[in-house]
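Each chain is listed here by its residues.
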Amino acid sequence: MFRVTRRYRFSASHRLHAPELDDAQNQRLYGKCNHPFGHGHNYVLDVSARGPLDPATGRAADPEALDALVGRHVLAAFDHRNLNVEIPAFASAVPTSENLALEIGRRLKDNWNTAFPGEWPRLDTVRIAETGKNIFEIRADEIE
Ligand code: NI
């Protein structure tokens, strides 16, 4: 069984602000990411597929099929966007990198069969790096 990971990059802006907390609590919790006018990040997105080696091709996942899926359902929607305003899920959820990984994972899971109609490969993990120091990862079987 192999895990095959492709790396993608996109840039987006956001503001982290939880409506149920007051301004001081938001500032303490989110720091610079609470700045009222938002700010951008250059996100690094790693998507991993898991599957057995196909003896005919010597591969476990077709990277071009994965690229097409991520391009259509993630990058086209997220790159150079304001996450708070342009991604419907973030009308009700704070666009932290955890929620971003969850939303991307949901989109990939929902559309996985269009790229990979067989039993394998399956979506394995979604990993987002917001900065060089912060990495957030969720496994496909943990996504509801
Ligand atoms: Ni931020």
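Everything below is about the structure shown above.
The structure displayed is predicted, hence computed values, not measured ones.

**Let's talk about the coordination of the nickel ion**
The coordination sphere of the nickel ion contains the protein donors His 14 (NE2), Cys 33 (SG), His 39 (NE2) and His 41 (NE2), at a distance range of 2.0 to 2.1 Å. Considered as a linear motif, the donors of the nickel ion on their single chain read H-x18-C-x5-H-x1-H. A residue pair is termed long-range when its members are at least 10 positions apart, and His 14 in strand β1 (residues 2-14) and His 41 in strand β2 (residues 39-51) qualify at 27 residues. Each member of the pair, His 14 as well as His 41, carries the same accessibility label: buried.

**Brief notes about the packing of aromatic side chains**
The full count for this structure, using the stated rule, is three aromatic pairs. Ring centres of Phe 10 and Tyr 43 lie 5.1 Å apart, and the angle between their planes is 25°; this geometry places the pair in the stacked category. You can see Phe 10 sitting in strand β1 and its partner Tyr 43 sitting in strand β2, a full 33 residues away along the chain. In this structure, Phe 10 and Tyr 43 share a single accessibility class: buried.

**Describing the nonpolar core**
Among the nonpolar cores identified, the biggest contains 31 residues, and Phe 10, Leu 45, Phe 78, Leu 100, Ile 104 and Leu 108 are the most heavily contacted of them. Secondary structure elements with two or more residues in this core: β1, β2, α2 (63-78), α4 (97-115) and β4 (122-129). Counting residues per element, this core draws most heavily on α2, at seven residues. Those residues within four positions of Ile 104 in sequence are excluded, and the remaining contacts are Phe 10, Leu 45, Val 74, Phe 78, Val 126 and Ile 128. Grouped together as the second largest cluster of nonpolar side chains are five residues, Leu 16, Tyr 30, Cys 33 and Val 94 included.

**Here we look at the side chain of Ser 48**
Mapped onto the elements of the fold, Ser 48 is located in strand β2. By relative accessible area, which is 3% here, Ser 48 ends up buried. Once you skip the residues sitting within four places of it in the chain, Ser 48 turns out to touch Val 4, Thr 5, Arg 122, Leu 123, Asp 124 and Thr 125.

**Examining the pairing of β4**
Note on strand geometry: in a regular strand, side chains alternate between the two faces of the sheet. In terms of burial, β4 is a largely internal element, six of the eight residues being buried. Here β2 runs beside β4; their pairing, made up of seven bridges, is antiparallel. Counted as the bridge partner of Ser 48 is Thr 125 from β4. Turn length for the β4-strand β5 (residues 135-139) hairpin, with the two strands adjacent in sequence and antiparallel, is five residues.

Procedures and definitions
Residues numbered from 1 in each chain as written. Predicted model: local features only at pLDDT ≥ 70, side-chain atom pairs only at ≥ 80, totals over all residues. Heavy atoms only, no water. Donors = N, O, S within 2.8 Å, 3.2 Å for Na, K, Ca; no water. Helix = DSSP H or I, 4+ residues; strand = E, 2+ residues; numbered from the N terminus. Buried < 20%, exposed > 50% of the residue type's maximum accessible area, 1.4 Å probe, protein only. Phe/Tyr/Trp six-rings, centres within 6.5 Å; stacked < 30°, edge-to-face > 60°. Core = buried A, V, L, I, M, F, W, Y, C linked by side-chain atoms within 4.5 Å. Contact = heavy atoms within 4.5 Å. Pairing = 2+ DSSP bridges.

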